[in-house]
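The chain contents come next:
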Amino acid sequence: MLREIIWRDLLDHLQSLRFALTLVLVIVLMLTGSVLYIHDYRQQVMDYGENVRENLELLEDKTKKGIHSVVSHSPNQLIYRLPSPLGFIAEGHEKDLPNAFAVDAFELVGPQTILRRNYTLQRFDVLDWVFTIGVILSFAAFAMTYDSISGEAETGTLRLCLSNSLPRATLLFGKYIGTLISLSIPLIIGICINILIISLFGVLPFEPTYWLQIGGVVLFSVLYISVFATLGLFISCLTRTSSVSLVLLLLVWVCFAVFIPRTGGLLASRLAELPDEKEIAKQASETEYKILKRYGKDRFSAHWSLGEPLTRAAKIGDAKQAIYAEYRQQQLHQVKLAQNISRISPTAIYQVGCEALVGTGIKHYERFFKKAVEYRRSLLQFTYEEYPFNPNLFLEDVERQKLREVQMSVDKIPKFDDPPSDFSTAFAGASLDILLLFLFNMVFFMGAFLAFTRYDV
């Protein structure tokens, strides 16, 4: 009996105009998104390679001027965030996020944004899976379920089905499965077209980690679509007419897909206000003064390469960077608070979860920031290892001259690396979002079941 219900509901959807429009729209958006992404990603990779090459040339030039130039002399080297090859799934505002830090052994300056793009375009040039699935297929799920129960009650079909001793739970579950299969067809076709085009042009690396992440996103997408399918059934079970059900679902869709995801940031900016950057700079200067006062200011030369003891310069650098790092952590906390507030919307959950699964967006920036902090520490450790004098003593003119003459190879200098997240880390980062979507499914389906058991036909 369940098989017949699923098959009947599936055929009804496949023969409907709403299914045809959904399929065409998803294919067009996925096709367009892949074509646009190929050019955009190649440009990002070219810019990244050029920036890394210029930074390597800068290091080679610095090695000719001694260790002080390598690890702290202006201009400082720039480290860059690696473009994500999975940005076609969830771009995650990566173009709007900083992608570089100026770094030496004693300070981490930034973040900075060094990109080749038109800033006035903002988000108008993004067409990823999150948009297509999060917006289009969620709306299609409502379009296919708003009259599942109320519509059949209006036409009398529901009374005819239940007159044959058909369990209501079986009927409801069959409609749910039939709708989910119908929505999965444009989803899978669109994804296959998107991946095929990107793979043919050599943009997507054939690495197991990437394909595991893509598979995770596909399953996560089905779970997300299921939320709207169960919610559509739930609302349809609460109403007597399909027109009322459609209006209610449109209002819910606007709240979930548009209103809530766009208000989380506004609320977070009020609930967790950031201190003024000038105040942060003032705190850093006061910290530097306290350290100088503690160790004595009589021979302070403003820079360790000009005679300042390496140990004291390192203490000043660590103390100032701790203040700036705390400020950057407050910025990240504000963003995470906005995400948590927006998690009352399945669409916001889906976006955050996809970014976590593919390692883009704020997750990528946070990982980049942590790697930048670690890299500064490695440069400081490298300085101690290569420093030829007692790091606790002032240097006289002769010693400073010898310091400038210390030669080294570029190969010895630590290099910055921004590796992509592995699948286990990505899955752990998205585990909360997976759980929340699962709970949404359970709550909405149980609500639909309870409402349908009391539905008067």
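Residues numbered from 1 in each chain as written. Predicted model: local features only at pLDDT ≥ 70, side-chain atom pairs only at ≥ 80, totals over all residues. Heavy atoms only, no water.

(A) View of helix α9 (residues 242-271). For α9, built from 30 residues, the straight-helix expectation of 44 Å at 1.5 Å per residue is met to within 8% by its first-to-last C-alpha distance of 41 Å. Residue Phe259 marks the point of greatest curvature in α9, where the axis turns by about 40°; the proline Pro261 follows within four residues. Buried residues of α9: Ser242, Ser245, Leu249, Trp253, Phe256, Ala257, Ile260, Thr263, Gly264 and Ala268, and no others. (Helix = DSSP H or I, 4+ residues; strand = E, 2+ residues; numbered from the N terminus. Expected span 1.5 Å × (residues − 1). Bend = angle between axes of the 7 residues up to and from the residue. Buried < 20%, exposed > 50% of the residue type's maximum accessible area, 1.4 Å probe, protein only.)

(B) Geometry of the packing of aromatic side chains. On inspection of all chains with the given rule, the structure shows 18 aromatic pairs. Measuring from ring centre to ring centre gives 5.3 Å for Phe139 and Trp253, while their planes differ by 75°; the resulting arrangement is edge-to-face. Taken together, the positions of Phe139 in helix α4 (residues 129-145) and Trp253 in helix α9 put the pair 114 residues apart, joining distant regions of the chain. Arranged with centres 5.7 Å apart and planes meeting at 70°, the rings of Tyr375 and Phe416 form a pair that is edge-to-face. With a gap of 41 residues between them, Tyr375 in helix α13 (residues 361-386) and Phe416 in the loop between α14 (397-404) and α15 (423-453) connect regions that are remote in the sequence. The aromatic ring of Phe452 is capped on one face by Arg168, whose charged end is 5.4 Å from the ring centroid. (Phe/Tyr/Trp six-rings, centres within 6.5 Å; stacked < 30°, edge-to-face > 60°. Lys NZ or Arg CZ within 6 Å of the ring centre and 35° of its normal.)

(C) Region of the structure containing the packing of α9 against helix α11 (residues 310-342). Viewed as axis vectors pointing N to C, α9 and α11 meet at an angle of 135°, and their least axial separation amounts to 8 Å. In terms of orientation, α9 lies oblique with respect to α11. Here α9 and α11 pass one another in a crossing that is right-handed. Taken together, the residues of α11 that come into contact with α9 (itself represented by Ile260, Pro261, Gly264, Gly265, Leu267, Ala268, Ser269 and Leu271) are Gln334, Leu337, Ala338, Ile341 and Ser342. (Axes fitted to C-alpha atoms, helices over the stretch in contact; angles between N-to-C directions. Parallel < 35°, antiparallel > 145°, perpendicular 65-115°, else oblique. Left-handed = near helix turned anticlockwise from the far one by under 90°. Contact = heavy atoms within 4.5 Å.)

(D) Quick look at the nonpolar core. Judged by nonpolar contacts, the single largest core of 72 residues is most densely connected at Phe88, Ile89, Trp129, Ile133 and Ile214. Of the residues forming this core, the biggest block, 13 residues, is contributed by helix α8 (residues 208-238). One finds Ile79, Leu310, Ala313 and Tyr387 within the second-largest nonpolar core, a separate group that totals 30 residues. (Core = buried A, V, L, I, M, F, W, Y, C linked by side-chain atoms within 4.5 Å.)

(E) Spotlight on the state of the cysteines. Counted according to the given criterion, the structure contains zero disulfides. The cysteine Cys192 is free of any disulfide, with Cys354 supplying the nearest cysteine sulfur at 16 Å. Take Cys354: its relative accessible area is 0%, and that puts it in the buried class. (Disulfide = S-S within 2.5 Å.)

(F) Inspection of the pattern of salt bridges at higher detail. Summed over the entire model, instances satisfying the criterion amount to 13 salt bridges. Arg377 serves as the salt-bridge partner of Asp318, at 2.6 Å between the closest nitrogen and oxygen. With a gap of 59 residues between them, Asp318 in helix α11 and Arg377 in helix α13 connect regions that are remote in the sequence. Across the pair Lys336 and Glu366 runs a salt bridge whose closest N-O atoms are separated by 2.7 Å. Linking Lys336 in helix α11 with Glu366 in helix α13, this pair joins segments that are 30 residues apart in sequence. For Lys336, a relative accessible area of 32% corresponds to the partly exposed category. (Salt bridge = Lys/Arg side-chain N within 4 Å of Asp/Glu carboxyl O.)

These figures capture arrangement, not role.
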